[in-house]
Amino acid sequence: MSLNLMYHNIVLDDSKIESEYDITVRQLENDIAIVSSSDSKYTTFTFDDGKKGSLIAAKMLKKYNMQGIFFIITNKISEPGYIDIKEINEIHRMGHIIGSHSHTHPNFKKISDDEVTFELFRSKEILDNLISQKVTKFAFPGGQRKTHHSKIALELGYTEIYNSIEKISYPKQVEQTRFHIRQSNRGCVKKIIM
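Described in the following lines is the structure provided in the data block. Since we're looking at a predicted model, the values are computed, not measured.

## Quick look at the packing of helix H1 (residues 25–37) against helix H2 (residues 53–63)
Here H1 crosses H2 at 35°, and the two axes come no closer than 10 Å. Remark: the crossing between H1 and H2 carries right-handed chirality. Counted together, Val25, Leu28, Glu29 and Ile32 of H1 and Ile56, Ala57, Met60, Leu61 and Lys63 of H2 form the full contact between these two elements.

## Brief notes about the pattern of salt bridges
Counted by the stated rule, this structure contains ten salt bridges. Between arginine 178 and aspartate 48 there is a salt bridge; the shortest N-O distance is 2.8 Å. Taken together, the positions of arginine 178 in the loop between strand S9 (175–176) and strand S10 (179–180) and aspartate 48 in strand S4 (residues 43–49) put the pair 130 residues apart, joining distant regions of the chain. Given a relative accessible area of 0%, arginine 178 falls into the buried group. Aspartate 48 sits in the buried class, given a relative accessible area of 1%. Among the ionic pairs, glutamate 155 bridges to lysine 151, the shortest N-O distance being 2.9 Å. Linking glutamate 155 with lysine 151, this pair stays in helix H5 (residues 149–155), spanning four residues, or about one helical turn. Each of the two residues, glutamate 155 as well as lysine 151, counts as exposed.

## Details of the layout of surface pockets
What the largest pocket holds in volume is close to 270 Å³. Taken together, 16 residues make up the lining of the largest pocket; nearest its centre are Asn9, Val11, Lys16, Glu18 and Asp22. Where the lining of the largest pocket is concerned, the elements lending two or more residues are strand S2 (9–11) and H2. The biggest single contributor to the lining of the largest pocket is S2, with three residues. Each pocket or cavity is described by its volume, and for the second largest pocket that value is around 160 Å³.

About the criteria used
Residues numbered from 1 in each chain as written. Predicted model: local features only at pLDDT ≥ 70, side-chain atom pairs only at ≥ 80, totals over all residues. Heavy atoms only, no water. Axes fitted to C-alpha atoms, helices over the stretch in contact; angles between N-to-C directions. Helix = DSSP H or I, 4+ residues; strand = E, 2+ residues; numbered from the N terminus. Left-handed = near helix turned anticlockwise from the far one by under 90°. Contact = heavy atoms within 4.5 Å. Salt bridge = Lys/Arg side-chain N within 4 Å of Asp/Glu carboxyl O. Buried < 20%, exposed > 50% of the residue type's maximum accessible area, 1.4 Å probe, protein only. 1 Å grid on protein atoms, 1.4 Å probe; cavity = no way out; pocket = protein on both sides within 12 Å on 5 of 7 lines; lining within 4 Å. Points joined across faces, edges and corners; volume = space filled by probe spheres on them.

Below, the structure is given as structure tokens:
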């Protein structure tokens, strides 16, 4: 079994918190230290969207010799507030995993299967070329999807699919579940691990 933690944006300090999804670097380091000092060898740190704070998170994980998964929205690359191509490659060179978070971040429940295929394929194509490696991990935006969307993702070459259901993950699950870390539940990592 494994425990997947889901973050969004990492900011430098409390003065930079603009939303529920912003976690300070101090809060992240505290969570990493808790995981690092626990017996939980199967905890994964995941980061959605590809915001500027992704690079901060990547550096903090590297400090603790830990690996993260960074799910990127490809049409946001280099947009204000989001990481650029150079930063994605820097995160990848640090030993972290680059994954897809779709091309435009739609609600998958509200789009056609053709649009689902486009979102999955286009994002993977861009990221494969960007890091010169096959991208095999995908996270549904907001966890929204229909059951058969995972099958489409697998057919397109993804091998690990992530949702936003807050449960422990087991190896044979089609979708890996994740615990969402945000301002309203910050400090919960120790409780989740226990």
